[in-house]
Amino acid sequence: MHKIKKIIKDNSIIIFLLVAIAIVTNIVIVYTLTYTISNKGKSIEEINIKDVSQKSPIVVEVLDDLDKNNNSVNENQESYPTGNTKYYIKVNLKTQTVNIYEKDESNRYSKPVKTMLCSTGEYTPKSGTYKITTFKREWLDLQGDVYGQYCTQIIGNILFHSVPYLEKYNPSSLEYWEYDKLGQDVSLGCIRLTVENAKWIYDNCGTGTRSGILLI
C-alpha cells in the first residue's frame, strides 16, 4: 500500500503538468479559430490597418450611376458628379483602370486628367463611392511579408498602393512579376498601381477626394 501511494505521489506532478499543457493548448486553439473566423473574407492586404483607419472619418455614398440592384450602366449615359475637391477618381473594374477627372465649367467632374492601369481583387468593393481618408503611408507592411509604397486609404483595409516589394525601403525589390499583371484582377482587394501612379494619388488626392467603383 505504501508503494502504491508513493507511485501516485510521484506521478501527480506529471499528471498536473499534462493537464496544464492540455488546458493551454485548448486556449491557443480557441483563440486561433476565433481570430481566423473574425478575419475570414476581409479584403485585407494588412489586417492591422483597421485599428488605425478608424481614427479617420470615412463617408460612404451610393454611387449615382448604379441602380439599387448594382446593375451595370453605360458610361456614356452617366451624369458626372459635382464636389468640392480638385479631382474625382473612378475605378473601372471591367477595364482595370483608375481614371482621374477634374471639374469642367459647370463644376462637374467630366474632364479626364489621367488614366492608370491597375489591379483590383476579389474583395475590392464592387460598387459605391468613398472618400479618401487622412491615412497615408509612404511605406506600409502588407499581408504576405511584402510592402507597399505610397499607400492611400480608400475605406477600411482597401488602399491605393504600388505593386508590392519584397523588402521595405528597397526600390530594387519590386515584384516585377506582379508588375506584369497590372490590368488583371489579381490583388487581394487593394488597388495596385505603378509606383509613379501611386505616388501621383498620394501627392495630389487629399482627404475627401471621392473615389467611385464602377461596374461597366
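Residues numbered from 1 in each chain as written. Predicted model: local features only at pLDDT ≥ 70, side-chain atom pairs only at ≥ 80, totals over all residues. Heavy atoms only, no water.

A. Here's a closer look at the overall build of the protein. Helix and strand counts for the protein come out as four helices and 10 strands. Beginning at the N terminus, the succession of helices and strands in the protein can be written as α-α-β-β-β-β-β-β-β-β-α-β-α-β. Out of the 216 residues belonging to the protein, those deemed buried represent 40%. Nonlocal contacts in the protein, meaning residues at least 24 apart in sequence, comprise 64% of its contacts between residues at least 6 apart. For the protein, the exposed surface amounts to about 12,700 Å²; the carbon and sulfur share of it is 56%. (Helix = DSSP H or I, 4+ residues; strand = E, 2+ residues; numbered from the N terminus. Buried < 20%, exposed > 50% of the residue type's maximum accessible area, 1.4 Å probe, protein only. Contact = heavy atoms within 4.5 Å. Areas by Shrake-Rupley, 256 points an atom, 1.4 Å probe, with all protein chains shown as cover.)

B. Region of interest: the sheet that holds strand S9 (residues 191-193). Strand order in this open sheet of four strands is S6-S7-S8-S9, and the pairing throughout is mixed. Lying at the two open borders of the sheet, with one neighbouring strand each, are strand S6 (136-142) and S9. Averaged over all pairs of adjacent strands, the angle between their axes in this sheet comes to 40°, without regard to strand direction. As judged from the three bridges shared by strand S8 (residues 158-162) and S9, these two strands associate in the parallel manner. Considered in S9, the bridge of Ser162 is made with Leu193. (Pairing = 2+ DSSP bridges. Axes fitted to C-alpha atoms, helices over the stretch in contact; angles between N-to-C directions.)

C. How the structure looks around the side chain of Ser173. Inspection of the secondary structure puts Ser173 in the loop between S8 and helix H3 (176-179). A distance of 3.0 Å separates a polar atom in the side chain of Ser173 from the backbone nitrogen of Glu167. Here the side chain of Ser173 touches Asn170 through a polar contact of 2.7 Å, landing on its backbone oxygen. Residues within four places of Ser173 in sequence aside, it is in contact with Pro164, Tyr165, Leu166 and Glu167. (Polar contact = N/O pair within 3.5 Å; in protein donor to acceptor, adjacent residues only side chain to side chain.)

D. Main features of the pattern of salt bridges. Under the definition given, this model contains four salt bridges. Taking the shortest distance from any N to any O, the salt bridge between Asp141 and Lys168 comes out at 3.0 Å. In this pair, Asp141 is assigned in strand S6 and Lys168 in the loop between S8 and H3, connecting sequence segments 27 residues apart. The exposure class of Lys168 is partly exposed, given its relative accessible area of 30%. Across the pair Lys199 and Asp203 runs a salt bridge whose closest N-O atoms are separated by 2.6 Å. You can see Lys199 and its partner Asp203 sitting in helix H4 (residues 195-204), four residues apart, about one turn around the helix. A relative accessible area of 34% means that Lys199 is categorised as partly exposed. Classification of Asp203 by relative accessible area gives partly exposed; the value is 46%. Put simply, Glu178, Lys181 and Arg192 are held in one network by salt bridges that share partners. (Salt bridge = Lys/Arg side-chain N within 4 Å of Asp/Glu carboxyl O.)

E. Quick look at the nonpolar core. If you look at the biggest cluster of nonpolar residues, it comprises 21 residues, and the most contacted ones within it are Val91, Val98, Phe160, Leu193 and Ile201. Only strand S2 (87-92), strand S3 (97-103), strand S7 (146-155), S8, S9 and H4 provide two or more residues apiece to this core. Setting aside residues no more than four positions away along its own chain, Phe160 makes contact with Ile89, Val91, Val98, Ile132, Tyr150, Cys151, Thr152, Ile154, Ile191, Leu193, Ile201 and Ser211. (Core = buried A, V, L, I, M, F, W, Y, C linked by side-chain atoms within 4.5 Å.)

F. Seen up close, unusual backbone geometry. Its identity is not glycine, yet Gln96 carries a phi of approximately 55°, on the positive side. Examined against the element boundaries, Gln96 turns out to sit in the loop between S2 and S3. By relative accessible area, which is 4% here, Gln96 ends up buried. Positive phi, normally seen in glycine, also occurs at Asn107, with a value near 70°. Mapped onto the elements of the fold, Asn107 is located in the loop between S3 and strand S4 (109-117).

G. Looking closely at the state of the cysteines. Summed over all chains, the structure comprises zero disulfides. Not engaged in a disulfide, the cysteine Cys190 finds its nearest cysteine sulfur in Cys151; these two sulfurs lie 7.8 Å apart. We classify Cys190 as buried; its relative accessible area is 0%. (Disulfide = S-S within 2.5 Å.)

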